[in-house]
Amino acid sequence: MAKWGEGDDRWIVEERPDAKNCNNWHCQTLSKRFNACEPIIFFGFRCYDNPHSFIIKVKLLTTRPIHGLVCQTEKDATNWSRDVMKGLFKDFDVKENNYYIKIEEIDSMDGDATACNRKGNILVFFDWKLSFKFFAVNDNSEYNGTITIPNFDDLEMDGLDIQVSSKTEDKNWYDLKNYIRSKLFIKIKDQLNVYTKKLKEEFTDGMILPSHNTLKKEPKTTKPTYKNPDKLKHVNNTSESQKTDSLLDSVTFLCSGSDLFRVLTRQQEMQIFSRSVAKSDPVENGLFQLYNAMVTGKFLKLTENAFIEMEWRLSDWPENVVSNVKITLKDEGNGTKLHINQTGIPSKYYEQTKCGWRTFYWEALSSVFGFTILR
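Residues numbered from 1 in each chain as written. Predicted model: local features only at pLDDT ≥ 70, side-chain atom pairs only at ≥ 80, totals over all residues. Heavy atoms only, no water.

J.: Help me out: how do you make sense of the overall build of the protein chain in this one?
T.: Across its full length, the protein chain carries 7 helices and 16 strands. Among the 375 residues that make up the protein chain, the fraction classed as buried is 35%. Taking as baseline every contact in the protein chain between residues at least 6 positions apart, the subset at least 24 positions apart corresponds to 51%. When the accessible surface of the protein chain is summed, it comes to about 22900 Å², and 48% of that surface belongs to carbon and sulfur atoms. (Helix = DSSP H or I, 4+ residues; strand = E, 2+ residues; numbered from the N terminus. Buried < 20%, exposed > 50% of the residue type's maximum accessible area, 1.4 Å probe, protein only. Contact = heavy atoms within 4.5 Å. Areas by Shrake-Rupley, 256 points an atom, 1.4 Å probe, with all protein chains shown as cover.)

J.: What should I look at first to understand empty space enclosed by the protein in this one?
T.: Remark: the empty space left among the atoms is shown by a probe the size of a water molecule rolled over them. In the structure shown here, the tally under the stated rule is 4 cavities of 30 Å³ or more. Considering only enclosed or pocket space, the largest cavity measures out at about 70 Å³ in volume. Residue lining of the largest cavity: Val263, Leu264, Met270, Phe273, Phe288, Leu290, Phe299, Ile308, Met310, Trp312, Ile327 and Tyr361, and that is the complete set. Those elements giving two or more residues to the lining of the largest cavity turn out to be helix H5 (257-265), helix H6 (267-274), strand S12 (287-290) and strand S14 (307-314). Residues of the lining of the largest cavity, tallied by class, amount to 12 nonpolar, no polar and no charged. (1 Å grid on protein atoms, 1.4 Å probe; cavity = no way out; pocket = protein on both sides within 12 Å on 5 of 7 lines; lining within 4 Å. Points joined across faces, edges and corners; volume = space filled by probe spheres on them. Nonpolar A, V, L, I, M, F, W, Y, C, P; charged D, E, K, R; others polar.)

J.: Would you take a moment to explain the nonpolar core for this structure?
T.: Generally speaking, nonpolar side chains in soluble globular proteins are found buried as a group. With 40 residues, the main nonpolar core has Trp312 and Leu338 as its most contacted residues. Of the residues forming this core, the biggest block, 7 residues, is contributed by helix H7 (residues 350-369). Shared between two domains, this core holds at least three residues of each, these being domain 1 (76-203) and domain 2 (244-374). The residues contacting Leu338, other than those within four sequence positions of it, are Asp249, Ser250, Val251, Phe253, Leu260, Leu264, Ile327, Thr328, Leu329 and Trp362. In terms of nonpolar packing, the next biggest core, distinct from the first, is built from 39 residues, Ala77, Phe92, Phe126 and Phe185 among them. (Core = buried A, V, L, I, M, F, W, Y, C linked by side-chain atoms within 4.5 Å. Domains from an automatic or database assignment.)

J.: Explanation requested: the sheet that holds S14 in the structure shown.
T.: The strand order S10-S16-S15-S14-S13-S12-S11 describes an open sheet built from 7 strands, whose pairing is antiparallel. Pairing within the sheet leaves two strands with one partner each, and these edge strands are strand S10 (244-253) and strand S11 (279-280). Bridging between S10 and strand S16 (residues 336-346) involves 9 bridges; their strand directions are antiparallel. Among the inter-strand pairings, Asp245 is bridged to a residue of S16, identified as Ile345. On top of the sheet, H5 reaches S10, S11, strand S13 (295-303), S14, strand S15 (323-331) and S16; it is set at about 140 degrees to S13, its chief contact. With respect to the sheet, H6 is in contact with S11 and S12, its orientation differing from that of S12 by roughly 20 degrees. (Pairing = 2+ DSSP bridges. Axes fitted to C-alpha atoms, helices over the stretch in contact; angles between N-to-C directions.)

J.: Where do I start with the packing of helix H1 (residues 78-88) against helix H2 (residues 173-203) in this structure?
T.: A pair of packed helices is captured by two measures, namely the crossing angle of their axes and the spacing between those axes. Put simply, H1 and H2 touch, their axes get as near as 10 Å, and they point 140 degrees apart. In terms of axis orientation, H1 runs oblique to H2. Note on packing geometry: the crossing formed by H1 with H2 is right-handed. Within the contact between the two elements, H1 uses Trp80, Ser81, Val84, Met85 and Leu88 and H2 uses Gln191, Leu192, Val194, Tyr195, Lys198, Leu199, Glu202 and Phe203. (Parallel < 35°, antiparallel > 145°, perpendicular 65-115°, else oblique. Left-handed = near helix turned anticlockwise from the far one by under 90°.)

See below:
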C-alpha cells in the first residue's frame with residue numbers, strides 16, 4: 001500500500017478533464033440514516049481492478065441539513081399509527097362459504113411513520129412489517145396461525161407481499177391458505193388503505209397553519225352588473241383565473257442524458273426521488289403521477305435520452321386546466337443541459353410552479369441520485 005505523498009498513481013483518483021475514472025475506483029453507499037437535522041451516511045471505496053483492495057468505510061455526520069430533504073414541520077406518527085391499526089383490525093372477521101377467519105390481534109408492528117410539512121405541502125412516509133395472529137375454521141378443521149405483510153410502505157400498495165403459516169397443516173389447510181392469500185388479502189388491503197387515508201387527512205390536520213394573509217378579511221366589493229350580455233362575456237374571458245404564463249429555464253447536471261431521461265420517466269426512480277406514491281407509463285399517451293397525485297399528467301412524445309413532451313398539472317389548479325411541458329436534454333461534454341419550456345401555467349400559480357420545479361425536481365434529483373448541479 002502506497003503512503004500518502006509518495007505519488008503512487010495506482011492509489012490516486014485524479015480529477016481529469018475527461019472525467020475518466022483512471023483506476024476504476026467505485027464508491028458504494030453502505031447505509032443511510034436521515035432526519036431533518038442529523039443526516040448520517042456510511043459509504044466506502046473499492047478499486048475493482050484490484051481484487052485484493054479493501055473497502056474504506058467513511059462515516060459522514062453533519063449538523064447541517066441535507067439540501068432538499070429538510071421539512072419545515074415534522075411529526076412522528078409511529079405510536080398514533082399503532083393505535084389506529086389496532087382499531088382497524090379489532091373484531092375483523094370474515095365468513096364466506098365454508099371459511100371463517102378472525103384476526104385475533106396484531107402480533108407485531110415493526111417500523112415507523114412520519115408526516116411533514118415542506119413548504120406548504122404535506123408528505124407522509126411509513127414503512128411497516130405487520131404480523132397478525134388469526135383463528136380459522138374450514139370444514140370443521142380449526143387453525144391457529146400467522147399472517148405476515150413484510151413490506152407495507154408509502155410507495156406502492158400493489159407490490160404488497162403476504163406470508164401465511166399455521167401450526168396445523170392438513171388436507172384442508174392449503175385451500176384455506178389460498179383463500180387467505182387471495183380474497184382475504186383484498187379485505188386486509190382495504191383496511192390498510194383506510195389507515196393511509198387517515199394518516200394523510202386526520203393525523204396531518206393542523207400541520208399547515210393559515211398565513212397572515214389568509215387571516216385578513218377580504219374587503220367587500222360590489223360586483224358590477226351589465227345589462228349587455230356581450231360585455232359580461234368579455235369580462236369573464238379576461239378574468240384572472242384564465243390568464244396564463246410561460247416558463248423557460250435550464251439547468252446542467254453532472255450526469256448522462258440517459259440517466260436524466262430514466263429518472264424523469266420511470267416509475268421506480270420517480271418514487272425514489274419524490275419519496276411518495278408515483279405511477280408512470282413511459283409511452284406516448286401514457287399517464288403519470290407523483291407526490292401522491294399532487295402532480296399528474298400524460299406523456300405526449302418521448303425521444304429516448306433526448307426529449308420529453310407532456311401534459312402536466314398540479315392538483316390545486318382549476319379543474320381541467322393543464323400545461324404543456326417540453327424538456328430537451330443536450331450533452332454538454334462534462335454533463336447534460338436540461339432545457340424546460342412550459343406553457344399554459346395559470347398566472348396565479350406561476351411562482352409556485354417555478355419554485356416547485358427547482359425544489360421538488362432539480363434539487364431532489366441532485367440530493368437523492370447525486371446529480372451535481374453545475375449552473
